[in-house]
Amino acid sequence: MNATAKLLELGLTLPPPPAPAGNYLPFVRAGNLLYTAGTLPIKDGALAAVGKVGSDVTIEQGYEAARLCALNILAIITAAAGSLDQVERFVAVTGFVNATGDFAAHPKVINGASDLFAAVFGDAGKHARVAVGASSLPLNAAVEVQAVVLLKS
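Now for a description of the structure that goes with this document. Small disclaimer: the values here were computed from a predicted structure and weren't measured.

### Quick notes on the overall build of the protein chain
Along its length, the protein chain carries 3 helices and 7 strands. Reading the helices (α) and strands (β) of the protein chain from amino to carboxyl end gives α-β-β-β-β-α-β-α-β-β. For 153 residues, the compact-globule estimate of 2.2 N^0.38 gives 15 Å, and the C-alpha radius of gyration of the protein chain, at 14 Å, lies within 12% of that figure. By principal-axis analysis of the C-alpha atoms, the protein chain measures approximately 45 × 30 × 25 Å. The buried share of the protein chain, taken over its 153 residues, is 41%.

### Focus: the pairing of strand β6 (residues 128–134)
With 7 bridges connecting them, strand β5 (residues 87–98) and β6 associate as parallel partners. The residue of β6 that forms the bridge with Gly 95 is Ala 131. One crossover worth recording links β5 to the parallel β6 by way of helix α3 (residues 106–121), and it is right-handed.

### What to know about the packing of helix α2 (residues 59–81) against α3
α3 packs onto α2 with a crossing angle of 45 degrees between their chain directions and a minimal axis gap of 6 Å. Classified by the angle their axes make, α2 and α3 are oblique. Where α2 crosses over α3, the handedness of that crossing is right-handed. Two secondary-structure elements touch here, α2 through Ile 59, Gly 62, Tyr 63, Ala 66, Arg 67, Ala 70, Leu 71, Ile 73 and Leu 74 and α3 through Lys 108, Val 109, Ile 110, Asn 111, Gly 112, Ala 113, Asp 115, Leu 116, Phe 117, Val 120 and Phe 121. Classifying every residue of the contact of α2 with α3 by side-chain character gives 14 nonpolar, 3 polar and 3 charged.

### Details of the nonpolar core
Nonpolar side chains tend to gather and get buried jointly when the protein is soluble and globular. Residues Leu 74, Ile 77, Phe 90, Phe 117, Phe 121, Val 143 and Val 145 are the most contacted members of the largest nonpolar core, which totals 36 residues. Elements supplying a minimum of two residues to this core: α1 (3–9), α2, β5, α3 and β7 (143–151). With 8 residues, α2 is the single largest residue contributor to this core.

### Let's talk about α2
The terminal C-alpha atoms of α2 lie 32 Å apart, and with 23 residues this matches the ideal 33 Å at 1.5 Å per residue to within 8%. Gly 82 sits one or two positions beyond α2 and adopts a positive phi of about 95 degrees.

### Section: α3
Two residues of an α-helix separated by three or four positions point the same way, owing to the 3.6 residues in each turn. Compared with the 22 Å implied by 1.5 Å per residue over 16 residues, the 23 Å span of α3 between its first and last C-alpha is a close match. Inspection of α3 places His 106, Val 109, Ile 110, Gly 112, Ala 113, Ser 114, Leu 116, Phe 117, Val 120 and Phe 121 among the buried residues, and these make up the whole buried set.

Here is what the cut-offs are and how they apply
Numbering of residues begins from 1 in every chain and follows the order in which that chain's sequence is written. Whole-chain, interface and lining totals are the exception, using all residues; otherwise, since this is a predicted model, local features are given only for residues with pLDDT of at least 70 and side-chain atom pairs are given and counted only at 80 or more. The side-chain figures draw on all heavy atoms in the structure; neither hydrogens nor water molecules are used. Only runs of H or I of at least four residues qualify as helices and only runs of E of at least two qualify as strands under DSSP, and these elements are numbered from the N terminus. We take the radius of gyration over the C-alpha atoms and set the globule estimate at 2.2 Å times the residue count to the 0.38 power. Relative accessibility under 20% of the residue-type maximum defines a buried residue, over 50% an exposed one, and the middle range a partly exposed one, all with a 1.4 Å probe and only protein chains included. Criterion used throughout: strands pair if DSSP finds at least two bridges between them. When the strands point away from the viewer, a crossover counts as right-handed if the route from the first strand across the helix to the second turns clockwise. Lines fitted to C-alpha atoms define the axes here, with helix axes fitted over just the stretch in contact, and angles between the N-to-C directions of these axes take values from 0 to 180 degrees. Angle categories: roughly parallel below 35 degrees, roughly antiparallel above 145, roughly perpendicular from 65 to 115, and oblique for all the rest. Take the far helix as your reference; a near helix turned counterclockwise from it by less than a right angle gives a left-handed crossing, and one turned clockwise gives a right-handed crossing. We call two residues contacting when some pair of their heavy atoms lies within 4.5 Å. The nonpolar class holds Ala, Val, Leu, Ile, Met, Phe, Trp, Tyr, Cys and Pro. Asp, Glu, Lys and Arg form the charged class, and all remaining residues, Gly among them, are polar. By nonpolar core we mean a set of buried residues, namely Ala, Val, Leu, Ile, Met, Phe, Trp, Tyr and Cys, connected to one another through side-chain atoms within 4.5 Å. Under the convention used throughout, the expected extent of a helix is 1.5 Å for every residue step, that is, one less than its residue count.

No statement about biological role is implied by the geometric values presented.
Take a look at the structure:
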């Protein structure tokens, strides 16, 4: 099953790709590698998860926020490549969690993005990853995710 069909089977609809919040591009293509900008959990034009994971946001809410970031990344990939079916594999994902100083479950939060990529792309959605905490993120977002994907030739 291709990625577009799998997305539909999962009952997911891609949102419009989020607009950059500053002087940067939403993606850059270098040969067959596509780099997305850091993507926030935007839903219907608004930030869906605000605050620190560990105090304002639960691990489960952070997971859903990371999943929403991933859905927005899929929208960016579609805009860049024309179709999700142009993705050969995910290479790397970097996830930032706006967390309290004592929070240590960053991987559980960023799994929201990783799990969605694997659900849509199977083994091709598995990737190298960084999941780290930050003392703050843009717009006080709870999570930010960035991806690198290899596109088909």
